Amino acid sequence: MADMQESSYKADELIARDIDAYLAQHQHKSLLRFITCGSVDDGKSTLIGRLLYDSKMIFEDQLAALEADSKKLGTQGQNIDFALLVDGLAAEREQGITIDVAYRFFATEKRKFIVADTPGHEQYTRNMVTGASTADLAVILIDARKGVLTQTRRHSYLVNLIGIRHVVLAVNKMDLIGYDQAKYDEIVAAYKAFAGSIGIGEFTAIPISGFVGDNITAKSGNTPWYAGPTLMHVLETVELNVTAESERPFRLPVQWVNRPNLDFRGFSGLIAGGVIEAGDAVRVLPSGKTSVVSRIVTQGGDLARAVAGQSVTLTLADEIDCSRGDVITKADEPVQVADQFEATLVWMSDEALSVGRGYWLKMGTQTVSATVQAPKYQVNVNTLEHVAAKTLELNAIGVAQVSTDRAIPFEPYDANRTLGGFILIDKMTNATVGAGMIRFALRRSQNVHWQALDVSREVRAGLKNQKPAVLWFTGLSGAGKSTIANLVEKKLVRMNRHTFLLDGDNVRHGLNKDLGFTQADRIENIRRVGEVARLMADAGMIVITAFISPFRSEREMVRRMLPEGEFFEVFIDTSLREAEARDVKGLYKKARAGQLKNFTGIDSPYEPPVAPEIHIDTAMMSPEAAAELIIERLIP
Amino acid sequence: MAFEAGRGLTHLERLEAESIHILREVVAETEKPVMLYSVGKDSAVMLHLARKAFYPSPPPFPLLHVDTTWKFRAMYELRDRMARESGMELLVYHNPEAMEKGINPFDHGALHTDMWKTEGLKQALDKYGFDAAFGGARRDEEKSRAKERIFSFRSANHRWDPKNQRPELWNLYNARKAKGESIRVFPISNWTELDIWQYIHLENIPIVPLYFAAKRPVVERDGLLIMVDDERFRLKDGEVPMEKSVRFRTLGCYPLTGAVESEATTLPEVIQEMLLTTTSERQGRVIDKDAGGASMEKKKQEGYF
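Residues numbered from 1 in each chain as written. Chains lettered and ligands numbered in written order. Predicted model: local features only at pLDDT ≥ 70, side-chain atom pairs only at ≥ 80, totals over all residues. Heavy atoms only, no water.

A. Broad picture of the domain arrangement of chain A. Residues and elements named next belong to chain A. Considered domain by domain, chain A is made up of domain 1 (2–238), domain 2 (246–330), domain 3 (336–442) and domain 4 (460–634). Each of domain 2 and domain 3 has a C-alpha centre, and these two points are 28 Å apart. Listed by partner, the interface residues are 13 residues for domain 2 and ten residues for domain 3. The junction of domain 2 with domain 3 conceals about 940 Å² of combined surface from both sides, 59% of it contributed by carbon and sulfur atoms. In this assembly, domain 2 and domain 3 are joined by one salt bridge. Run the count over domain 2 and domain 3 and you get five residue pairs in polar contact (both at pLDDT 80 or more). Of the residues contributing to the side of domain 2 that touches domain 3, the split by class is six nonpolar, three polar and four charged. (Domains from an automatic or database assignment. Contact = heavy atoms within 4.5 Å. Buried area = accessible area lost by both parts, 1.4 Å probe. Salt bridge = Lys/Arg side-chain N within 4 Å of Asp/Glu carboxyl O. Polar contact = N/O pair within 3.5 Å; in protein donor to acceptor, adjacent residues only side chain to side chain. Nonpolar A, V, L, I, M, F, W, Y, C, P; charged D, E, K, R; others polar.)

Next comes the structure, spelled out in structure tokens:
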């Protein structure tokens, strides 16, 4: 054991002599989170085991168990196998590999450390990205006998991708190459050339041996030619992310609105950037409304000032709308608001990315529906080449356009991890299937400064004493849409509801008289009707539409224009045979005779709804009964 | 812990902020959360954090104590006091089957923990329909805990699948779940035993007096000092309780919890002893040793917290 006696963090003596002094010292420690990356057999677990062992995080009973395990399962002969301390789950202990992200803890006199231990296997990019996402620093391990490998490149690329600013290149197992300086220099030079090519500017290279203990906590006599810091010195002194974040603009994603009574309304959240003081002028995004911070409330008394990394509750001087998902900024440093982004995605699910499908996107404290377009390219993490891709499979990394169903406050990931990093959630399985980092907003929406309207849609709906809704009827021509829609409207009016019925008659002759019946025109027709319906819903109306609207995607498009719960797809289900038999307007006859082109059901398809809010089978109920049922669902 | 201008946040301030963020996230995203309250020091810290997170509101969820009827008397006293002080509803659940069969630590060994705690917890969660339950587990306690997520999913049968955990990136937690599924949430995952003690010290958090040394009646069994806390304790022939100055590093059912001989009567002294000691915290617990190295992992898969 080389030079281990000097270990800087054995504080036993102080603990025994003056526990109060020790506690005061420990109380002022800072917290560093780091990740270790390496290939199988690079000695990663051994290094972490060594750090825990040297910081006295291993007790005698654990050590006794470790010695027993080492003899039974260890790969180090009669010596203690530190790796066994770290390899937790039974399955991986048997296989001798690490299969997931694990977090370890140790402390020195200066800092507390949380280590994310992540596996080095190819198929586990997902785990490494997860572990790296919270890290201030990355230790990239290289086996001195093997030099820079494909895995080293991959790990470095991921570390840089996730935005870790401090990289330590730990050239491990120096004992096994006889502490050969020339070989070490060669490895560092090779890594430097590669690192520069992917944008890692600076890194600290250290020759170590996790097994022997060289240059971990104390300078090793085995490497007299090495003049740099020990690994521990770097860990104890490197700048923390939270320090850097506190120097950026103030950002508070609102997590929860605290309303214990009518006299108190507080906005709670974890500060994601900058500093805030009572009296500061602030702006709430996306509404754009401004106010002034009255108090920074904590149980221990109000604070004058709070910084990035603190969980706080703010109260504002004015009664303005502000809820979960909104972001509070300084009035003169707002964040952008947009609904289309270019993002780097890391796919984390066995089921590949489904282009165009809706996923939940969670970023900060907001969750919205989002779709992903076909990737612009995928990155081959081994060669770093950009390759064409139609989708992203498990562990694939690519760049793609992401659209959200409404404009959201954001910042590029480089500027703020919290407001630029998101996860994608499968709407069916609820699994976290991907992670993304916003590069920039794509669309004009970032230039639109949303006018804060004091008369909101809630206010308008409130005046009408109703909840806005769009009843979107769909079905074949002659299915009975207009008949039932008319009945529904009459009944609603009798109930003092404010309604409007949009149908072919009042739309085709005015707003859409420039449109024909080609597929493109039919899609545009529905888009315009959708937009009008949305405006009317914003005005507080209950809108009823009666159009064939044969394509699922267009109906979905309209659904996404509206707040959740306000769109009711009403499927008027009549078979083609029945509709054709009725043929009230004689249209089927004309279509069959070839006089009408693109007629739904005849030479143009009808895509029935998969999960409509309301399903009316006209063979089973009268128009009157159908109208009753629809109103029952709308106003329970 | 008032933040002082001109210096960075300390590790305890960071941990506190992270825990508060987690507590609020669960309240914002789940329908019916509950806090599992076991009256130990970790529960004490978790409750304290909850009161901070929602101040000036009381924490918007009840406390649930899945009781075995075999806890130390001092634990029941503190439990009732803390529920009163926090203004939170306290739910106490006893597995009726364990009650009926008189399951106890003297006759039933591992079955005692299984019936009262593992089964009792599942029954209580099902009975009230809680979809999220806070627990005070820490990753530094045990190897399988080190790999568990902060938001840890349970199937409708309360099972944990370590190989199918959701990735947790940044501080984004995915709380979505299907009907019947639930989440166990561990707000103090990243705290160590020392952090807990230090925080209790700094924040002056009330804890069960058993953590401090006092003269208590104990007997020695299988190398553990067991306290004779009430008349139900079955003394073996010739066994006579000795008065010893002892304290507890961890609290559970009194007949299953080993005391350590100690003179530490203040928090700094307790911390001092902990730091200079050479055995780990869970070593005083009988239940970890039931099935060898992977004991806790197995229990967790079956639904134990």
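B. Up close: the sheet that holds strand E7 (residues 214–221) of chain B. Residue and element names in this part refer to chain B. The four strands are arranged E7-E8-E10-E9 in a closed barrel whose pairing can be described as antiparallel. With strand direction ignored, the average angle separating the axes of adjacent strands in the sheet is 75°. Bridge count between strand E8 (residues 224–227) and strand E10 (residues 258–261): two bridges; the pairing is antiparallel. Residue pairing for E10: Ile 226 is matched across the bridge by Gly 258. (Pairing = 2+ DSSP bridges. Helix = DSSP H or I, 4+ residues; strand = E, 2+ residues; numbered from the N terminus. Axes fitted to C-alpha atoms, helices over the stretch in contact; angles between N-to-C directions.)

C. Looking closely at the pairing of strand E5 (residues 166–172) of chain A. Residue and element names in this part refer to chain A. Most of E5 is tucked away: seven of the seven residues are buried. Taking every second residue as pointing to the same face, both faces of E5 are buried, with His 166, Val 168, Ala 170 and Asn 172 on one and Val 167, Leu 169 and Val 171 on the other. As judged from the seven bridges shared by strand E4 (residues 137–143) and E5, these two strands associate in the parallel manner. Paired with Val 139 across the bridge in E5 is Val 168. A crossover links E4 with its parallel partner E5, the connecting element being helix H8 (residues 150–161), and its sense is right-handed. Across four bridges, E5 lies against strand E6 (residues 204–207) in parallel orientation. Within E6, the residue paired with Val 171 across the bridge is Pro 207. Tracing the backbone out of E5, into helix H9 (residues 181–198) and back to the parallel element E6 gives a crossover that is right-handed. (Buried < 20%, exposed > 50% of the residue type's maximum accessible area, 1.4 Å probe, protein only. Right-handed = clockwise from strand over helix to strand, strands pointing away.)

D. Expanded view of the packing of aromatic side chains. Residues and elements named next belong to chain A. On inspection of all chains with the given rule, the structure shows 26 aromatic pairs over all chains. Between Tyr 191 and Phe 203 the ring centres are 5.0 Å apart and the planes differ by 85°, which places this aromatic pair in the edge-to-face class. Here Phe 203 lies in the loop between H9 and E6 and Tyr 191 lies in helix H9, a separation of twelve residues in the sequence. Classification of Tyr 191 as buried rests on a relative accessible area of 0%. (Phe/Tyr/Trp six-rings, centres within 6.5 Å; stacked < 30°, edge-to-face > 60°.)

E. Focus on the nonpolar core. Of all hydrophobic cores here, the largest spans 84 residues; its most connected members are Phe 34, Ile 35, Leu 169 and Tyr 191 of chain A. Here this core gathers at least three residues from each of two domains, domain 1 (2–238) and domain 3 (336–442) of chain A. One finds Met 46, Ile 196, Phe 212 and Leu 275 of chain B within the second-largest nonpolar core, a separate group that totals 77 residues. (Core = buried A, V, L, I, M, F, W, Y, C linked by side-chain atoms within 4.5 Å.)

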